[in-house]
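# Breakdown of the fold
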Amino acid sequence: MISKDQKTKIIKGFQSHQEDTGSVGVQVAVLTSRIHELTEHLKEHSKDFSTRRGLLRLVGRRRRLLTYLKKSE
């Protein structure tokens, strides 16, 4: 799980203005960080199927956000 400090550091790195916490770029950055952590977890625990399912959901959500970002910019 991403700690609160790590999440705020990621948000500050990708926000477009001071109050920005939910833009598409910020959401993709946070999802990417979570995906990396879950991938490392699954390298150790290969039979953790509920985590694998959650990881696939996050990858799908990130893919949809990236598609939206590509269309809108």
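### Observations regarding the overall build of the protein
Helix and strand counts for the protein stand at 3 helices and 0 strands. When its helices and strands are written in sequence order, the protein yields α-α-α. With respect to the principal axes defined by its C-alpha atoms, the protein has extents near 40 × 30 × 15 Å. Counting over 73 residues, the protein shows a buried share of 25%.

### Remarks on the packing of helix 2 (residues 24-44) against helix 3 (residues 49-72)
Interhelical geometry of helix 2 versus helix 3 gives an angle of 155° and a closest axis separation of 9 Å. By the criterion of interaxial angle, the relationship of helix 2 to helix 3 is roughly antiparallel. Here the hand of the crossing between helix 2 and helix 3 comes out left-handed. Here helix 2 contributes V24, Q27, V28, L31, T32, R34, I35, L38, T39, H41 and L42 to the contact with helix 3, which in turn contributes T51, R52, L55, L58, V59, R61, R62, L65, L66, Y68 and L69. Class assignment of the residues belonging to the contact of helix 2 with helix 3 gives a composition of 13 nonpolar, 5 polar and 4 charged.

### With respect to the nonpolar core
Of all hydrophobic cores here, the largest spans 8 residues; its members are V24, V28, L31, I35, L42, L55, L58 and L65. Broken down by element, the residue count for this core peaks at 5 residues, all from helix 2. Setting aside residues no more than four positions away along its own chain, V28 makes contact with R62, L65 and L66. In terms of nonpolar packing, the next biggest core, distinct from the first, is built from 5 residues, I10, I11, V26 and A29 among them.

### Structural notes on the pattern of salt bridges
Across all of its chains, the model carries 1 salt bridge by this definition. In this structure, K43 and E40 form a salt bridge, with 3.3 Å as the shortest nitrogen-oxygen distance. Here the residue K43 and the residue E40 both occupy positions in helix 2, the gap between them amounting to 3 residues, near one helical turn. Assessed through its relative accessible area of 60%, K43 is described here as exposed. The exposure class of E40 is partly exposed, given its relative accessible area of 45%.

The rules we used
Residues numbered from 1 in each chain as written. Predicted model: local features only at pLDDT ≥ 70, side-chain atom pairs only at ≥ 80, totals over all residues. Heavy atoms only, no water. Helix = DSSP H or I, 4+ residues; strand = E, 2+ residues; numbered from the N terminus. Buried < 20%, exposed > 50% of the residue type's maximum accessible area, 1.4 Å probe, protein only. Axes fitted to C-alpha atoms, helices over the stretch in contact; angles between N-to-C directions. Parallel < 35°, antiparallel > 145°, perpendicular 65-115°, else oblique. Left-handed = near helix turned anticlockwise from the far one by under 90°. Contact = heavy atoms within 4.5 Å. Nonpolar A, V, L, I, M, F, W, Y, C, P; charged D, E, K, R; others polar. Core = buried A, V, L, I, M, F, W, Y, C linked by side-chain atoms within 4.5 Å. Salt bridge = Lys/Arg side-chain N within 4 Å of Asp/Glu carboxyl O.

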